[in-house]
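# Summary of the model geometry
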Amino acid sequence: MAPEPAEAEEAAAPAAASGGEAAEEGDGKKEEDAAADASRQIPTTCEQKGNVCVPPAAFVKRLCSGFYPDVALSLFAKGSPFTRGYLTRDTEAWNASGGSSSNDKLLFDEEVLILYHRAPDTGGMVVSGAGGGYDVLRWDGTCASLMTEEVRQHVPPKPKFAPIPWKSLDEKTREAFQADEKVGKIVAERRKECKGATMGAVSAKCEKVDKQMGAALIEYVRGGGALPAPGPLK
C-alpha cells in the first residue's frame with residue numbers, strides 16, 4: 001500500500017536535511033582548506049595596523065611556528081612594504097609563538113621586521129603606559145617577541161643585522177648569491193679560510209671573512225639583488 005502524500009514528505013524530510021548538512025560541512029571544509037592555503041603564501045602586500053603595516057596574521061602565525069630563512073630574505077628585500085623596526089637595547093631572544101628562536105641576543109640598533117602587534121593584557125582595565133608588544137622577524141629567519149619600548153621605527157645611522165644562516169639557505173638561494181661577482185668572491189674566500197667551519201676553534205682570518213660575507217649578503221638583499229622566490233610555508 002502506497003504511503004499518503006504527507007507521509008512521503010515526512011519520510012523525505014530527514015534525507016533532505018542530511019544532504020543539506022553534508023553540503024554545509026563540505027563548504028566549511030573548503031573554506032578551511034582555502035584559509036590554510038592562503039596562510040602558506042608569501043605576501044607581497046601588507047595590512048595597516050595603527051602605525052605599522054604588517055603581513056596577514058594567519059601567515060605570521062605559521063611563519064613564527066617554523067624556521068624560514070629564505071622567506072625572511074624575501075620579506076626584507078628592497079621595496080617590500082612591511083614596517084621595519086630597530087632595537088632600543090640589547091635583549092634576549094624569545095618567541096611567544098613557540099617556534100624557533102635564536103641563541104644570539106637581539107642587539108641595540110638591530111633591524112627587524114614588525115609582524116604583529118600584541119595588545120596589552122590588562123584584564124579590561126585602562127592601564128597608563130601599557131603598550132603591549134610586537135612579534136618581529138630577524139634577518140636570520142627566526143621570530144622574536146619584544147615589548148613596545150624595546151623597538152622603535154627611527155632608522156639608526158648604522159643598523160645591525162642578525163647573521164644570515166648560510167648553510168640553512170636553499171641551494172638555489174646560495175647559487176644566486178654566488179652568481180654575483182662581489183658576493184661570490186667573498187663566499188669563495190670564506191670557504192677557503194674557514195674550511196666549512198663557522199664555530200669553535202677558527203682562525204682570526206676566518207672570523208673576519210665570515211663577518212664580511214654576512215655584510216655582503218645583507219647589502220645584496222637590501223640593494224635589490226635577485227633571489228629565487230621561496231615556496232609556500234609548510
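Residues numbered from 1 in each chain as written. Predicted model: local features only at pLDDT ≥ 70, side-chain atom pairs only at ≥ 80, totals over all residues. Heavy atoms only, no water.

### Some thoughts on the state of the cysteines
Threshold: We call a pair of cysteine sulfur atoms a disulfide when they lie within 2.5 Å. Counting from the N terminus, the helices are DSSP H or I runs at least four residues long and the strands are E runs at least two residues long. For each residue, the accessible area found with a 1.4 Å probe, counting protein chains only, is set against the maximum for its type, and the residue is called buried under 20%, exposed over 50%, and partly exposed in between.
According to the stated counting rule, one finds three disulfides in the structure shown. In this model C64 forms its disulfide with C143; the gap between the sulfur atoms is 2.1 Å. When the S-S torsion is -80°, as for the bridge of C64 with C143, the disulfide is left-handed. Of this pair, C64 sits in helix α2 (residues 57-64) while C143 sits in strand β6 (residues 143-147); the two residues are 79 residues apart in sequence, bridging distant segments of the chain. Using a relative accessible area of 0% as the deciding quantity, one classes C64 as buried. Linked covalently through their sulfurs, C194 and C206 form a disulfide whose S-S length is 2.0 Å. On the sign convention where negative is left-handed, the bridge of C194 and C206, at about 110° about the S-S bond, is right-handed. With C194 in helix α5 (residues 181-194) and C206 in helix α6 (residues 204-222), this residue pair connects regions lying 12 residues apart in the sequence. Each member of the pair, C194 as well as C206, is classed as buried. Here the protein pairs its bonded cysteines, counted in sequence order, in the arrangement 1-2, 3-4, 5-6.

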